[in-house]
Amino acid sequence: MELKNAVAVVTGANRGLGRHLAAQLVERGAKVYAAARRPETVDVPGSVPLRLDVTDAASIREAARVASDATLLINNAGISTGATLIGGDTDEVRREMETNFYGPLAATRAFAPVIESNGGGAVLNVLSALSWFHPAALGSYAASKAAAWALSGATREELAPRGIAVSALHVGYMDTDMAAAVPADQKVAAADVAAQALHGIEASLPEILADETSRYVKQSLSAAPQPNAG
């Protein structure tokens, strides 16, 4: 997909990876709707702030109405609560799934007819290496990202006949607020991840592996699970 003159909607564009994606798209000549729950917090020069809360169906519908010229949707907004699946707060598990799975699903359902009516385009889902690796301490987050990986694969097949490509971005730790407690030498720069993501969209890559962690975990999928010690 050619990004120059594309019309992109980037969710969670007020900070972190989303802000880098929005800024780099503007630099490439795209029109960018920088979406956030509080659009007044968006400070990406050259972008159009857009109110969009991925957990609010009415907000999503209104955003799709406003951004009626969209050709690219980037489902970037997400949360990590740190909840475990057995001992964690069930409300937190549900909140994570609502944001990280149902949010991208609802946004994709709303924007797919918009993108199709504008001649086709693409959807990018921002996922994680934890789509494939599921440590107990991050069980809720991993489950939501695994579900979003399945969402990416299924919608890729469903939307292809409508001229819409679907890509999934996988990355380990990024230098963003979500990974603030992680040592710096274990994180990759969000700006670098954004650049790789946009290259992947241009190349119509179904999966974009942005760092060594995601590449290693993906290669390990065929390994047999190890039994628990007991």
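Our structure is the block above this text.
These numbers were taken from a predicted model, which means no experiment stands behind them.

Draft legend 1. Local environment of helix H3 (residues 90–117). Spanning 28 residues, H3 covers 40 Å between terminal C-alpha atoms, matching the ideal 40 Å at 1.5 Å per step. The largest bend in H3 comes to about 40°, at Tyr 102, with the proline Pro 104 one to four residues further on. Its side-chain oxygen at 2.8 Å from the backbone nitrogen of Asp 91, Asp 89 defines the N-terminal cap of H3. Downstream of H3 by one or two residues, Gly 119 has phi in the positive range, about 95°.

Draft legend 2. Broad picture of unusual backbone geometry. Unusually for a residue other than glycine, Asn 5 sits at a positive phi of about 75°. Secondary-structure assignment places Asn 5 in the segment before strand E1 (7–10). In this structure Asn 5 comes out as exposed when scored by relative accessible area, which is 63%. Positive phi outside glycine occurs at Ser 204, with the angle close to 55°. When you line up the elements, Ser 204 lands in the loop between helix H5 (190–202) and strand E7 (207–209). Note on Ser 204: relative accessible area 44%, which makes it partly exposed.

Draft legend 3. Broad picture of H5. The end-to-end C-alpha separation of H5 is 18 Å, in line with the 18 Å expected for 13 residues at 1.5 Å each. What H5 keeps buried is the set Ala 190, Val 193, Ala 194, Ala 197, Leu 198, Gly 200 and Ile 201. Looking straight down H5, one finds that the buried residues subtend no more than 155° of arc, so they occupy a single side. A positive backbone phi angle near 55° is found at Ser 204, which sits one or two residues after H5.

Draft legend 4. Highlighting the environment of Gly 172. Counting through the fold element by element, Gly 172 comes out in the loop between strand E6 (164–170) and H5. Linking Gly 172 and Ala 129, residues 43 residues apart in sequence, is a C-alpha distance of 5.3 Å. Other than its neighbours up to four places away in sequence, Gly 172 contacts Ala 129, Asp 211 and Thr 213.

Cut-offs used in this document
- Residues numbered from 1 in each chain as written.
- Predicted model: local features only at pLDDT ≥ 70, side-chain atom pairs only at ≥ 80, totals over all residues.
- Heavy atoms only, no water.
- Helix = DSSP H or I, 4+ residues; strand = E, 2+ residues; numbered from the N terminus.
- Expected span 1.5 Å × (residues − 1).
- Bend = angle between axes of the 7 residues up to and from the residue.
- Polar contact = N/O pair within 3.5 Å; in protein donor to acceptor, adjacent residues only side chain to side chain.
- Buried < 20%, exposed > 50% of the residue type's maximum accessible area, 1.4 Å probe, protein only.
- Arc of directions from axis to C-beta.
- Contact = heavy atoms within 4.5 Å.

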